[in-house]
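Listed below are the residues making up each chain.
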Amino acid sequence: MHFQIRRSRIPIGATCARSSSAVAKAPRIRSALSLAIALALSTSYGYANETAAPALPLAAEVAATNTPPINTPLAASSPNSSAASPTVIAEPLAIEKPKTASPGLTHAAAPAITLPSPSVQEVIAPTARSLVSTQSVEATTVVPAVVEAVAIETPPADLWDRIRAGYAMPDLDDELVGKWEKFYADRPDYMARIVDRSSKYMFYIVTELERRGMPLEIALLPMIESAFNPIAHSTAKASGIWQFIPSTGSQFGMKQDWWADSRRDIVAATNGALDYLSKLHGMFGDWQLALASYNWGEGSVGRAVARSKSSGRDGTYLTLNMPAETRNYLPKLQAVKNIIRDPARFGLTIASVPNEPYFKTVTLSHAVDLKKAAQFAEMSETEFVALNPAHNRPVIAGRGEHQILLPAAKADLFISRLEAYDNPKVSWKAYKTKSGDRIESIAQRFGTSVAALKSVNGIRAVASTLPAGYNLLVPSDGPSDEALGSIQNAVFTKFPEYVAPKAHRVRKGETFAGIAKRYGVAPTTLAKWNRMGKQSARAGQLLYVSGPAPTRSQAKNVRASYKKAGSRSAKASKASKKAIKAKPRSVAKKR
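Here the structure is a predicted model, which means the values were calculated and not measured. (Residues numbered from 1 in each chain as written. Predicted model: local features only at pLDDT ≥ 70, side-chain atom pairs only at ≥ 80, totals over all residues. Heavy atoms only, no water.)

### Some details on empty space enclosed by the protein
Basically, it comes down to this: A cavity, in this analysis, means grid points on a 1 Å lattice covering only the protein atoms where a 1.4 Å probe fits yet has no way out; a pocket is instead an open set bounded by protein on both sides within 12 Å along at least five of seven lines, and a residue lines either one if it has an atom within 4 Å of a point. Grid points are joined across faces, edges and corners, and a volume is the space filled by probe spheres set on the points. All residues other than Ala, Val, Leu, Ile, Met, Phe, Trp, Tyr, Cys, Pro, Asp, Glu, Lys and Arg, Gly among them, are scored as polar; the first ten of these are nonpolar and the last four charged.
Counted by the stated rule, this structure contains 3 cavities of 30 Å³ or more. Taken together, Met169, Pro170, Leu172, Glu217, Gln288, Leu330, Leu333, Gln334 and Lys337 make up the lining of the second largest cavity. Classifying every residue of the lining of the second largest cavity by side-chain character gives 5 nonpolar, 2 polar and 2 charged.

### Considering the pairing of strand β9 (residues 471–475)
Test applied: Using a 1.4 Å probe on the protein chains alone, a residue whose accessible area is under 20% of its type maximum counts as buried, one over 50% counts as exposed, and one in between counts as partly exposed. A run of H or I in DSSP becomes a helix once it reaches four residues, and a run of E becomes a strand once it reaches two; helices and strands are each numbered from the N terminus. Strands pair, by our definition, only if DSSP identifies at least two bridges between them.
Burial analysis of β9 places 5 of its 5 residues in the buried class, the great majority of the element. The side-chain alternation of β9 yields two buried faces, one formed by Asn471, Leu473 and Pro475 and the other by Leu472 and Val474. With 5 bridges joining them, strand β8 (residues 428–432) and β9 adopt antiparallel strand pairing. From the neighbouring strand, Ala430 faces β9, where its bridge partner is Leu473.

### Examining the layout of surface pockets
If you add up the space inside the second largest pocket, you get close to 530 Å³. Lining the second largest pocket we find 27 residues, and of these Glu225, Gln243, Tyr294, Asn295 and Glu325 sit closest to its centre. Elements that contribute at least two residues to the lining of the second largest pocket include exactly α5 (175–185), α8 (221–225), α11 (287–296) and α13 (324–341).

### Some words on the packing of helix α10 (residues 266–284) against α11
To keep things clear, this is the line we draw: Note on geometry: axes are C-alpha line fits, over the in-contact stretch for helices, and angles between N-to-C directions span 0 to 180 degrees. The scheme is simple: roughly parallel for angles under 35 degrees, roughly antiparallel for over 145, roughly perpendicular for 65 to 115, oblique for anything else. Crossings are sorted by hand: turned counterclockwise from the far helix by less than a right angle, the near helix makes the crossing left-handed, and turned clockwise it makes it right-handed. By definition in these notes, contact holds between two residues if any of their heavy atoms fall within 4.5 Å.
Contact pair α10 / α11: the axes reach a minimum separation of 8 Å and the direction vectors enclose 125°. By the criterion of interaxial angle, the relationship of α10 to α11 is oblique. Here α10 runs over α11; the crossing is right-handed. Within the contact between the two elements, α10 uses Ala273, Tyr276, Leu277, Leu280, His281 and Phe284 and α11 uses Trp287, Leu289, Ala290, Leu291, Ser293 and Tyr294. Across the contact of α10 with α11, the residue classes break down as 10 nonpolar, 2 polar and no charged.

### Looking at the side chain of Asp437
Where we set the bar: A 3.5 Å cut-off defines polar contacts: any pair of N or O atoms within that distance qualifies, except that in protein one atom must be a possible hydrogen donor and the other a possible acceptor, and neighbouring residues in sequence count only when both atoms are side-chain atoms.
Here Asp437 shows up in the loop between β8 and α17 (439–445). Residue classification places Asp437 among the buried residues on the basis of a relative accessible area of 8%. In this structure the side chain of Asp437 is engaged in a polar contact, spanning 2.8 Å, whose partner is the side chain of Tyr431. From its side chain, Asp437 meets the backbone nitrogen of Lys434 in a polar contact 2.7 Å long. If we skip the residues at most four places from it in the chain, Asp437 touches Tyr431, Ile442, Arg445, Ser464, Thr465 and Leu466.

### Considerations on the nonpolar core
Soluble globular proteins: nonpolar side chains tend toward being buried together. Our working definition: For the purposes of this section, nonpolar cores are sets of buried Ala, Val, Leu, Ile, Met, Phe, Trp, Tyr and Cys residues that join through side-chain atoms within 4.5 Å.
Residues Trp160, Met202, Trp242, Tyr294 and Phe414 are the most contacted members of the largest nonpolar core, which totals 86 residues. Per-element accounting of this core gives the leading share, 8 residues, to α10. Not counting chain neighbours up to four residues away, the residues in contact with Phe414 comprise Val362, Leu364, Ala373, Phe376, Ala377, Ile404 and Leu406. Core analysis: the second largest hydrophobic core is formed by 14 residues, Ala397, Val456, Leu473 and Ile487 among them.

### Examining the side chain of Asn388
Mapped onto the elements of the fold, Asn388 is located in the loop between α15 (381–387) and β6 (395–396). In this structure the side chain of Asn388 is engaged in a polar contact, spanning 2.7 Å, whose partner is the backbone nitrogen of Leu405. Not counting chain neighbours up to four residues away, the residues in contact with Asn388 comprise Gln403, Ile404 and Leu405.

Quick look at the structure:
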């Protein structure tokens, strides 16, 4: 515990009836009185339980004064006492000179000062009473400065303790929770990997949750969504640790383009996810329904709640008719929540995560190679990508300013090295394809492989001859201003994937213009695809209607939309239709 010190002036004393100058003749009484007050103050600030406390007077020394206890109670004050209080130095006590009083006057009661706990008062009061004489005296004791200790909670050193203290959602009482507790408890290596990945991002997530006043167990949600894998990608095209689909990501400000996908950006995706969850909680007024909506969609959950209420139930999470994935979604989160709360109960050990920022944000004004950026920060490319997984290309470029995340301890090193590096910081440039270009020849020209060229440009498959006018990212001869300029000025678009061409067999009476209209292309384009100088069509002719005519080796795989009447395949098709007609009809019941 830490303490803040506040000072105030509070008179403490006891006024007695006047009597003879007995006090003046008894210096030991004055000394005992001072000792009593100092003892009360020191005890009230925690000295009674500390080994380094000032030594207390022995009972023999107190008894030697031969002064019976006074009838006036003496107490001390401390609104917030603690055994870990700082040392308090009491100022000298001012004792007014005693005055003579008539015998038989009653003692005036001292002002009562409340103690923080009865146990401390019981220790202080008898000791103080035993030290003050019952002789008729008037003594006013003033303590000019009384220290008030105000306790301040020390932040936990382990981030998991901070998360546990911030649990605010009601626990889910469901039988599926036990199933998922066993699932995670039986996979200690898997849990260890999740915790290790999360350590880079968790402090930022928790801080944002606290700033918004949201339950801190939501910080565990990426364990369920992506296992904190920053490049996780689902079959539903969801991406990042928060698993945003493209449309929802765009709705919450996550830009997705040729250069980068902000759904994988740790800061952008976290802010978007918490904005979305806050919106869902505002719609339903319930965190469990908000989380179900995050998984299933607010429209689906809203309709399920309405159906639940119409059937006489209360519309809470466990009363909804949900798909299996959503049905298990909150039980998974509850299971992880229970494991983090008490890992020893499940035979697991959760590695400590320091309760301090892991990364800092650095803004770049110019493009830079991803590999070079990692070198400036003395990081491996794997470590760098773990903090900056949004970038689709090996060069950080394409936007006005580029924000990157770096370990807090390495941010200053990165900036100093970046500023000191005088050479161009990119070794890539844009190349615009020309008519007749082949990807093999481009790879050879720029000293790279076809596989590398496809990977850098996000191409899965291309035709042997590339369409003209598309920008490809290719290696430059070396880092240069020309390379940087070509990247900044290029407009990269998604490169068209190779699609096997589809052909149309011309039937009697069809026209060239009619065929072009049927397939939604211009007659000139159709003529170009088929390398025809004149737009004409004759019965039985094969026209390519989905792209350029293939080479001779590819032509055997072309699928024709219509087949020539009288061909072997057409006769076989006619024979099969007759056979189907001859069979008795059977009806299958749908269940």
